[in-house]
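Chains, contacts and geometry: an overview
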Amino acid sequence: IFSGHKPSAQWAWLTFDVSQEMPAISLSRWISVALSCVAAAIAHGATAEEQAAALSRLAGESDSFVIDFYAQPKSVSVRFSDPAWAARLAAALRDGKFEPKSHCMCISYPIIHFIRGHDIILTISVHHIERLRVKDAHKVNADFEVGRAVGQAIIDLAVEKKNG
């Protein structure tokens, strides 16, 4: 669902059969490049509406959510299952314009994790009120311009769970 993605280098959790001949590049680099190619292939030709619909669908398919908040000196995580809340999040995501943007390198809270079973299937965070950072289950990142109204709606939904 991504275009304009950035690969991640977090591969410590993978194990490999190293008895076979390895290419000249490191295996982690090769996997990072391969996943980037897969993500690019998935995104090739995807319209903003298709990207918005895919993220919206994942919100609706999630069993639960974990929202991470940071307030010095500690962080707080809220885990919940709320189909009505998920539907409102899905609606907000559907309204995003999803224009690919470069990675801004900032860390922003709250961070919303979409959970299915025991797995995180998607992670989003709002940056600069109008951008959405999306990280899929393969840890492929992408930043999108979604618009101020959508960014604020997502922040408001998250804060509602923190205060509720």
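What you are looking at is a predicted structure, and each value in this text was computed from that prediction instead of being measured.

1. Brief notes about the nonpolar core
One finds Leu89, Leu93, Ile112, Phe114, Ile124, Leu132 and Ile154 to be the most contacted residues of the largest nonpolar core, which totals 32 residues. The element that contributes the greatest number of residues to this core is helix H3 (residues 83–94), accounting for 6 residues.

2. A look at helix H2 (residues 48–61)
Across its 14 residues, H2 extends 20 Å between first and last C-alpha, which sits within 8% of the 20 Å expected from 1.5 Å per residue. For H2, the complete set of buried residues consists of Gln51, Ala52, Ala54, Leu55, Ser56, Leu58 and Ala59.

3. A word on unusual backbone geometry
With an omega of 5 degrees, the peptide bond between Tyr109 and Pro110 qualifies as cis. Among the structural elements, Pro110 can be located in the loop between strand S4 (99–101) and strand S5 (111–116). A positive phi angle is found at Phe98, which is not glycine, with a value near 45 degrees. Tracing the backbone through its elements, the reader meets Phe98 in the loop between H3 and S4. We classify Phe98 as buried; its relative accessible area is 2%. Phi at Ile129 is positive, roughly 65 degrees, even though this residue is not glycine. Here Ile129 shows up in the loop between strand S6 (119–127) and strand S7 (131–136).

4. Concerning empty space enclosed by the protein
With the rule as written, the count across this model stands at 1 cavity of 30 Å³ or more. Considering only enclosed or pocket space, the largest cavity measures out at about 30 Å³ in volume. Together, Pro110, Ile112, Ser125, Val126, Ile154, Ile155 and Ala158 line the largest cavity. When contributions to the lining of the largest cavity are tallied by element, the ones reaching two or more residues are S6 and helix H4 (148–163). The dominant element in the lining of the largest cavity, judged by the number of residues it contributes, is H4, at 3 residues. Grouping the amino acids of the lining of the largest cavity by side-chain chemistry returns 6 nonpolar, 1 polar and no charged.

5. Structural notes on the pairing of S5
With 5 of 6 residues buried, S5 is to be regarded as a mostly interior element. Inspection of the sheet shows strand S2 (residues 64–71) paired to S5 by 5 bridges, in the antiparallel sense. Paired with Ser64 across the strands is Ile115, a residue of S5. Looking at chain direction, S5 and S6 are connected through 6 bridges and run antiparallel. Bridge pairing in S6 places His113 opposite Thr123. Counting the residues in the hairpin turn of S5 and S6 gives 2 residues, including Gly117, whose phi is positive at 65 degrees.

About the cut-offs
- For every chain, the first residue of its written sequence is number 1, and the numbers climb from 1 along that sequence.
- Note on the predicted model: pLDDT of at least 70 is required for a residue's local features to be given, and 80 or more for side-chain atom pairs to be given and counted; whole-chain, interface and lining totals, by contrast, use all residues.
- Note: side-chain values were computed over all heavy atoms of the structure, leaving out hydrogens and water.
- Side-chain atoms within 4.5 Å link the members of a nonpolar core, which is a set of buried Ala, Val, Leu, Ile, Met, Phe, Trp, Tyr and Cys residues.
- Burial classes: relative accessible area under 20% of the type maximum marks a residue as buried, over 50% as exposed, and values in between as partly exposed (1.4 Å probe, protein chains only).
- The helix count covers DSSP runs of H or I at least four residues long, the strand count covers runs of E at least two residues long, and both are numbered beginning at the N terminus.
- Given a helix with a known number of residues, its expected span is that number minus one, times 1.5 Å.
- Buriedness for pockets is judged along seven lines, at least five of which must meet protein on both sides within 12 Å for an open set on the 1 Å grid over protein atoms alone, while cavities are sets there where a 1.4 Å probe fits but cannot get out, and lining residues have an atom within 4 Å of a point.
- Grid points are joined across faces, edges and corners, and a volume is the space filled by probe spheres set on the points.
- When residues are sorted by character, Ala, Val, Leu, Ile, Met, Phe, Trp, Tyr, Cys and Pro go into the nonpolar class, Asp, Glu, Lys and Arg into the charged class, and all the rest, Gly among them, into the polar class.
- When DSSP finds at least two bridges between two strands, those strands are taken to pair.

Spatial relationships are all this shows, so hold off on functional conclusions.
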